[in-house]
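Spelled out, the chains give:
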Amino acid sequence: MHLDIQDIQEVLKEKGLKVTPQRLGVLEAIYTLRNHPTAEQIIDFIHKKHPSIAIGTVYKTLDTFVKYGVVRKILTDGDAMRYDSILKHHHHIHSEDNNEIRDYVNEELDELLKQYFEKNAIEGYEINSITLHISGKPLINKNSHN
């Protein structure tokens, strides 16, 4: 998803956040980097354009974005925190080969999970959403002829 500065400003305004150069820079980095960037990748991207933005400011901005629903945090197998700008419900497929994370949307799966947990409730817990994190390795096409 590519957004220009006006679109990014709108996202911040819609969430009731003040538009600042730091917030614009962090959100631009997340949208530009796409593939669920880590804080370190976001910092590297920002420092190419804005070397004066402090690392602490980037982390504080990311926390604010999570709190206000601008982005979501996702934890990967390697314990690296990543940031996702797509707020529509989806799952993640994590490639163990290259650490890439892809989005996976499947409404049938969503319905199956919802039905399963309606029948098999977790005692003392109210479930608000279910997101799968699927890890694996891409298969080499075994049907190709050499």
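Described in the following lines is the structure provided in the data block. (Residues numbered from 1 in each chain as written. Predicted model: local features only at pLDDT ≥ 70, side-chain atom pairs only at ≥ 80, totals over all residues. Heavy atoms only, no water.)

As for the overall build of the protein
Across its full length, the protein carries five helices and five strands. The N-to-C order of helical and strand elements in the protein reads α-α-α-α-β-β-β-β-α-β. Each principal axis of the C-alpha distribution contributes one length, and for the protein these read about 55 × 50 × 25 Å. Out of the 146 residues belonging to the protein, those deemed buried represent 30%. Sequence-distant contacts in the protein: of pairs separated by 6 or more residues, those separated by 24 or more amount to 44%. (Helix = DSSP H or I, 4+ residues; strand = E, 2+ residues; numbered from the N terminus. Buried < 20%, exposed > 50% of the residue type's maximum accessible area, 1.4 Å probe, protein only. Contact = heavy atoms within 4.5 Å.)

Let's talk about the environment of V58
Within the secondary structure, V58 is located in helix α4 (residues 55-67). As for V58 and R23, which are separated by 35 residues in sequence, their C-alpha atoms are 8.2 Å apart. Apart from residues lying up to four places away in sequence, V58 is in contact with V26, I42, I43, I46 and I53.

Section: a nonpolar patch on the surface
Side chains of I122, Y125 and I127 sit close together on the surface and give an oily, nonpolar patch of about 300 Å² of accessible area. Relative to the helices and strands, I122 is located in the loop between α5 (107-119) and β5 (133-136). Since its relative accessible area comes to 42%, I122 is described here as partly exposed. (Patch = residues over 30% accessible without salt bridge, like charges linked within 9 Å, V, L, I, M, F, W, Y side chains within 5 Å. Areas by Shrake-Rupley, 256 points an atom, 1.4 Å probe, with all protein chains shown as cover. Salt bridge = Lys/Arg side-chain N within 4 Å of Asp/Glu carboxyl O.)

A short note on the layout of surface pockets
The volume enclosed by the largest pocket comes to roughly 160 Å³. Lining the largest pocket, in full, are H89, H91, D110, L113, K114, F117, E118, I127, N128, S129 and I130. When residues of the lining of the largest pocket are assigned to their parent elements, the largest contribution, five residues, is made by α5. Here the lining of the largest pocket is composed, by residue class, of four nonpolar, four polar and three charged. (1 Å grid on protein atoms, 1.4 Å probe; cavity = no way out; pocket = protein on both sides within 12 Å on 5 of 7 lines; lining within 4 Å. Points joined across faces, edges and corners; volume = space filled by probe spheres on them. Nonpolar A, V, L, I, M, F, W, Y, C, P; charged D, E, K, R; others polar.)

Description of the pattern of salt bridges
On inspection of all chains with the given rule, the structure shows two salt bridges. Measuring nitrogen to oxygen at the nearest pair gives 2.7 Å for the salt bridge that ties K49 to E28. Taken as a pair, K49 in helix α3 (residues 39-49) and E28 in helix α2 (residues 21-33) lie far apart in primary sequence, 21 residues in all. With a shortest N-O distance of 3.9 Å, D84 and R72 are connected by a salt bridge. Highlighted residues: D84 in strand β2 (residues 81-84) and R72 in strand β1 (residues 72-75), separated in sequence by 12 residues. Residue D84 is classed as buried on the basis of its relative accessible area of 2%. Judged by its relative accessible area of 24%, R72 falls in the partly exposed class.

With respect to a negative patch on the surface
Among the surface-exposed residues, D4, D7, E10 and E14 lie close enough to one another that they form a single negatively charged patch. Note that E14 resides in helix α1 (residues 5-14). Residue E14 is classed as exposed on the basis of its relative accessible area of 65%. (Lys, Arg positive; Asp, Glu negative; His and termini not counted. Charge placed at Lys NZ, Arg CZ, Asp CG, Glu CD.)

Any functional reading would require information that these geometric values do not contain.
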